[in-house]
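Tertiary structure, described
Listed here are the chains, written in short residue letters.
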Amino acid sequence: TDITPLRPEIPEIGELVNDFISAAERAARAGFDGVKLCAGGSYLIAQFISPFANKRADQYGGSLKNRARFMSEILKGIRAALGPDFSILCRLTPMEFDMEEGLILEEGLRVAQIAQECGADAIDIVPYGRNVHHLPTSALPPGYLAGLAQAVKAQVDIPVMVSGRITMEAGEKILSEKSADFIVIGAGLIADPELVIKVAGGRFKQIRPCIVCNVCWGADRGYHSPDLSLRCTVNPLVGKERESELMPAEKPKRILIIGSGPAGLEAAWVAASRGHKVILEESSDRLAPLLHVAAMPPYKEAIRELITYYEGEMARLGVEVHLKTRATVATVKESRPDGVIIATGSTP
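Summary of the structure given here.

Rules and cut-offs
- Residues numbered from 1 in each chain as written.
- Predicted model: local features only at pLDDT ≥ 70, side-chain atom pairs only at ≥ 80, totals over all residues.
- Heavy atoms only, no water.
- Axes fitted to C-alpha atoms, helices over the stretch in contact; angles between N-to-C directions.
- Helix = DSSP H or I, 4+ residues; strand = E, 2+ residues; numbered from the N terminus.
- Parallel < 35°, antiparallel > 145°, perpendicular 65-115°, else oblique.
- Left-handed = near helix turned anticlockwise from the far one by under 90°.
- Contact = heavy atoms within 4.5 Å.
- Nonpolar A, V, L, I, M, F, W, Y, C, P; charged D, E, K, R; others polar.
- Core = buried A, V, L, I, M, F, W, Y, C linked by side-chain atoms within 4.5 Å.
- Buried < 20%, exposed > 50% of the residue type's maximum accessible area, 1.4 Å probe, protein only.
- Pairing = 2+ DSSP bridges.
- Expected span 1.5 Å × (residues − 1).
- Salt bridge = Lys/Arg side-chain N within 4 Å of Asp/Glu carboxyl O.

Turning to the packing of helix α4 (residues 69–82) against helix α5 (residues 105–117), a few remarks are in order. Close contact between α4 and α5 brings their axes to 9 Å; oriented N to C, the two are set at 25 degrees. By the angle between their axes, α4 is roughly parallel relative to α5. Our pair here, α4 against α5, has a crossing hand that is right-handed. Contacts from Met 71, Ser 72 and Leu 75 of α4 reach α5 at Val 111, Ile 114 and Ala 115. Residues that form the contact of α4 with α5 fall into these classes: five nonpolar, one polar and no charged.

Here it is, written out as structure tokens:
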């Protein structure tokens, strides 16, 4: 685990409580209707709650009531400062997975009740543990936190929210089975910011799927993005929407794209979306041949969903697809394109 237990002195704890309250007051002055208190995962408030991290022997350690005292003082302070109409959401970890001396579910459910008693308007569920982090991997099934949310919902009278690889199908299942009152989507909206609009309009096949690669999570830590800007493997426009807005082409052209890997397919999608006539040539007998290989290992079904998405978009946008066609100088000249994009793929 990456928990580094902190040992703030009593006066410092009071200062920290006031800091949280002041932050909520600034949010209210800025026009926000509410705040979410992050008391889950391995963040500071969660470290106070966790018996694994909290080894204090004063009024902020030992019993569950003492370990939850820091959270309680913050919640009560925000409510007292901003009144009954200001919304306070509280993100909690109901249990810590695979951690000796970690928070058990029985205590986690009581923490949710304490949060409600101290002024929280809703509970948001987030996982944490030695092998289960805040962000899901593709080995975890969509909606994998539904059971935890349902357990919390049975113990509180306020709405319960849940995240955790929420796909369209998983979200509908969670809501229909009343496992939670709200679903929370993060990475899925980075992959496709229009996800909710498309679902509302019944355009399910046009949803660009998240492949659970977690590049978006690593971007702000410099893992995949030296400039710390947001990244997405399947949505190259993310974070660059203003300068990369897809405007209709002033003069539609005939564009030949050679290669139907991710780069070729995305180039075809962009060009066709702008109104160009697009011809896509692929030497294999199917689109995105290496993506089919990438989708073969266990837990990589989301990549197959990405292939299906691109196949649907090529048909919807009228892209002229030529399979088993190897481009040569002669065939390019024969196509008489205004422009050629060479996207012949990578070598695995």
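Okay, the nonpolar core next. Phe 70, Met 71, Leu 75, Cys 90 and Leu 92 are the most contacted members of the largest nonpolar core, which has 47 residues in total. When residues of this core are assigned to their parent elements, the largest contribution, six residues, is made by helix α1 (residues 10–29). Ignoring sequence-local partners within four residues, the contact set of Leu 75 consists of Leu 37, Ile 88, Cys 90, Ala 115, Cys 118 and Ala 120. By size, the runner-up hydrophobic cluster in this structure holds 28 residues, among which are Ile 211, Leu 265, Leu 280 and Ala 302.

Moving on, we come to the sheet that holds strand β2 (residues 87–92). Remark on secondary structure: sheet strands pair via backbone hydrogen bonds, oriented parallel or antiparallel. Here we have five strands laid out as an open sheet, ordered β1-β2-β4-β6-β7, and parallel in their pairing. Looking at strand neighbours, the two that pair on one side only are β1 (34–39) and β7 (182–183), the edges of this open sheet.

What follows is about α4. Its 14 residues give α4 an end-to-end C-alpha distance of 20 Å, which sits within 8% of 20 Å, the value for a rise of 1.5 Å per residue. Buried residues along α4 sit against α1, β1, α2 (44–49), α3 (64–67), β2 and α5. Count one or two residues on from α4 and you reach Gly 83, which has phi positive near 85 degrees.

So, on to the sheet that holds strand β9 (residues 277–281). Spatial strand order, β10-β9-β8-β11: four strands in an open sheet with parallel pairing. Across the chains shown, the open sheet's two edge strands, defined by having one partner strand only, are β10 (320–322) and β11 (339–342). Each strand axis lies, on average, 20 degrees off the axis of its neighbour in the sheet, ignoring direction. Packing against the sheet, helix α11 (residues 262–273) makes contact with β8 (254–258), β9 and β11, and its axis sits at approximately 165 degrees to β9.

Time to look at the pattern of salt bridges. Counted according to the given criterion, the structure contains 13 salt bridges. A salt bridge links Arg 79 to Asp 121; the nearest nitrogen and oxygen atoms lie 2.8 Å apart. A residue pair is termed long-range when its members are at least 10 positions apart, and Arg 79 in helix α4 and Asp 121 in the loop between α5 and β4 (122–125) qualify at 42 residues. Close ionic contact of Glu 177 with Lys 173 constitutes a salt bridge, the shortest N to O distance being 3.1 Å. With relative accessibility at 44%, the residue Glu 177 sits in the partly exposed group. A relative accessible area of 49% means that Lys 173 is categorised as partly exposed. Here the residues in one salt-bridge network are Lys 36, Arg 91 and Asp 124, joined through shared partners.

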